Amino acid sequence: MGVDTSIATELIELRGLLQGATDIAERAGMPRRDAQLLADTLLQAELWGHRSHGLLRLPWYIARIESGAMQARTEPETLLDTGPLMLMDGKRGVGQVLAQQATQQAVHRAKSFGVGVVGVRDSNHFGTAMYFTRQAAAEGCVSILTTNASPAMAPWGGRTKGIGTNPWSIAAPYGDRVVVLDIANTAVARGKIYLARERGEQIPDGWAMTADGAATTDPSAAIDGVILPMAGHKGYAISFMMDVLSGALTGSHVGNRVGGPYEAGRVSGAGHLVIAIDAATMDVDGTYAGLIEELVAQVHGTPLAVGSDEVVYPGELEDRAEAAARAAGGIALPDKTIKDLHDLAASYGVSLGF
């Protein structure tokens, strides 16, 4: 399910990583609490094995703050509030902070009305979507989060970028755990291609095309070219509709007007939509917990295909990866990421403990 379980020989202690990333973001102008949230989202992505959305992105976010494309102080304005429905203007604030606030608002409203829907306009990239849907699930809500993103794939039948990866996540309570989906609508999340470039690795066939429309395994050519949709025309169509939910419905940018996190000086204009449904309110027969248990048991009990060792439910591998990393006491980072973090820290007078 896209979890990076590679083992490295040198581990960096988690607390030092969180502290260092927080200090850098704070020096860049973010309030301490927001800086810690940003750092935690990046570190949590590393723990789940989604290193493409991890600490390699911190320099990108800081560069956007420095250019003014993203505001260090996130101060949204409420544009609409009907009770269960809310719309916020993010005013180019930090995407993680806005997504956190929107999730909290959606959960709060779900507890009062059974459902809470919060739209966010004029935001920025918020990292890993399941960071937020997992929080809602931990509060007893089934949660859906959608976002749009800068162009990465060509509309089906075309050869130039026009639609983003537009990821989305669904999470639901499962006892003291969650079941959770977090996917982009391309064959691979764009961050994995950046990670391959960071590591000096090739990418698999079927991930991307060059700007001329030729298949490529070169991550740099893929970044300059087009990422292929998952499941052909279906991936394109899903991504298009996520742009409707996240962009058009919230009054944000859509399609090729959305700016990406790696474009330091370009305003993003990304939009998000959070939906939270209170499971306890919906569960009029008291069957929800048992049905989730039944579904997970069915999945775990599925006869194995040739070459498979097990069948897991969505989110199970991430939970295992986090448990293993915490038991080890740290994580490994690519040498380039470590160098970039040290260079960034030095520019702000921050001393890293690794």
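Here the structure is shown first, and the text comes after it.
Residues numbered from 1 in each chain as written. Predicted model: local features only at pLDDT ≥ 70, side-chain atom pairs only at ≥ 80, totals over all residues. Heavy atoms only, no water.

## Focus on empty space enclosed by the protein
This model, assessed by the stated rule, comprises 3 cavities of 30 Å³ or more. Looking at the largest cavity, the residues that line it are H125, N148, A149, S150, R190, V258, G259, G260, P261, S268 and A270. (1 Å grid on protein atoms, 1.4 Å probe; cavity = no way out; pocket = protein on both sides within 12 Å on 5 of 7 lines; lining within 4 Å. Points joined across faces, edges and corners; volume = space filled by probe spheres on them.)

## Quick notes on the sheet that holds strand 11 (residues 215-216)
The 3 strands are arranged 11-10-12 in an open sheet whose pairing can be described as antiparallel. For this open sheet the edge positions go to strand 11 and strand 12 (226-227), each flanked by a neighbour on one side alone. For strand 10 (residues 208-209) and strand 12, the ladder comprises 2 bridges, and the chain directions are antiparallel. Directly across from A208, in strand 12, lies its bridge partner I227. (Pairing = 2+ DSSP bridges. Helix = DSSP H or I, 4+ residues; strand = E, 2+ residues; numbered from the N terminus.)

## Notes on the packing of helix 2 (residues 32-47) against helix 4 (residues 95-113)
Contact pair helix 2 / helix 4: the axes reach a minimum separation of 9 Å and the direction vectors enclose 95°. Judged on the interaxial angle alone, helix 4 and helix 2 are roughly perpendicular. Side by side, helix 2 and helix 4 meet where D34, L37, L38 and T41 of the first sit next to Q96, V97 and Q100 of the second. Residues belonging to the contact of helix 2 with helix 4 are distributed by class as follows: 3 nonpolar, 3 polar and 1 charged. (Axes fitted to C-alpha atoms, helices over the stretch in contact; angles between N-to-C directions. Parallel < 35°, antiparallel > 145°, perpendicular 65-115°, else oblique. Contact = heavy atoms within 4.5 Å. Nonpolar A, V, L, I, M, F, W, Y, C, P; charged D, E, K, R; others polar.)

## Brief notes about the environment of M130
For M130, the position within the fold is in helix 5 (residues 130-138). Considering only alpha carbons, one finds M130 and I183, 53 residues apart in sequence, at a separation of 9.2 Å. Setting aside chain neighbours within four positions, we find M130 in contact with W48, H50, S169, V180, D182 and E318.

## Some points on a nonpolar patch on the surface
Judged by side-chain polarity, L79, L80 and L85 come together as a nonpolar surface patch covering roughly 220 Å² of accessible area. In this fold, L80 is placed in strand 2 (residues 77-81). (Patch = residues over 30% accessible without salt bridge, like charges linked within 9 Å, V, L, I, M, F, W, Y side chains within 5 Å. Areas by Shrake-Rupley, 256 points an atom, 1.4 Å probe, with all protein chains shown as cover. Salt bridge = Lys/Arg side-chain N within 4 Å of Asp/Glu carboxyl O.)

## Focus on the nonpolar core
Judged by nonpolar contacts, the single largest core of 58 residues is most densely connected at I24, M30, L55, L58, I62 and I331. With residues up to four places along the chain from it excluded, the contact list for I24 reads L58, I62, L341, L344, A345, Y348, V350 and L352. Formed by 13 residues, the second largest nonpolar core is a distinct cluster that contains L56, I193, Y194 and A208. (Core = buried A, V, L, I, M, F, W, Y, C linked by side-chain atoms within 4.5 Å. Buried < 20%, exposed > 50% of the residue type's maximum accessible area, 1.4 Å probe, protein only.)

## Looking at the packing of aromatic side chains
In this structure the tally under the stated criterion is 7 aromatic pairs. Aromatic side chains W60 and Y194 sit 4.9 Å apart centroid to centroid with 65° between the ring planes, which places their arrangement in the edge-to-face category. On the criterion of sequence distance, the pair formed by W60 in helix 3 (residues 58-67) and Y194 in helix 6 (residues 190-199) is long-range, its members being 134 residues apart. In this structure W60 comes out as buried when scored by relative accessible area, which is 17%. Since its relative accessible area comes to 9%, Y194 is described here as buried. (Phe/Tyr/Trp six-rings, centres within 6.5 Å; stacked < 30°, edge-to-face > 60°.)

## A few points about the sheet that holds strand 8 (residues 168-174)
An order of 2-3-4-13-5-8-9 is seen for the 7 strands of this open sheet, with the pairing classed as mixed. Edge positions in the open sheet fall to strand 2 and strand 9 (177-183), since each of these has one partner strand only. Averaged over neighbouring strand pairs, the angle between their axes works out to 15° when direction is ignored.

## A word on the pattern of salt bridges
Opposite charge on two side chains permits them to pair, given that their charged atoms come into close proximity. All told, the structure shown has 15 salt bridges when counted by the stated rule. A salt bridge links E263 to R266, with the nearest nitrogen and oxygen atoms 3.3 Å apart. Between D340 and K336 there is a salt bridge, with the nearest N and O atoms lying 2.8 Å from each other. Separated by 4 residues within a single helix, D340 and K336 lie in helix 12 (residues 335-347), roughly one turn from each other.

## Some words on unusual backbone geometry
Glycine aside, residues mostly have negative phi, and peptide bonds are mostly found in the trans state. A positive phi angle, close to 65°, is found at R92, a residue other than glycine. Of note, R92 is situated in the loop between strand 3 (85-89) and helix 4. Its identity as a non-glycine residue notwithstanding, D122 has a phi of 55°, on the positive side.

## Examining the layout of surface pockets
Within this model, the largest pocket holds a volume of roughly 700 Å³. Forming the boundary of the largest pocket are 40 residues, of which D182, I183, A184, A189 and K192 lie nearest the centre. At the level of secondary structure, the elements contributing two or more residues to the lining of the largest pocket comprise strand 9 and helix 6. Among the residues making up the lining of the largest pocket, the classes are represented as 20 nonpolar, 15 polar and 5 charged.

## Quick word on helix 3
L58, W60, Y61, I62, R64 and I65 are the residues of helix 3 that are buried. Here the buried face of helix 3 lies against helix 1 (14-27), helix 2, helix 4, helix 6 and helix 12. Looking one or two places after helix 3, you find G68, whose phi comes out positive at around 90°.

## What to know about the side chain of T210
Among the structural elements, T210 can be located in the loop between strand 10 and strand 11. Apart from the residues within four sequence positions on either side, T210 is in contact with T216, A221, G225 and V226.

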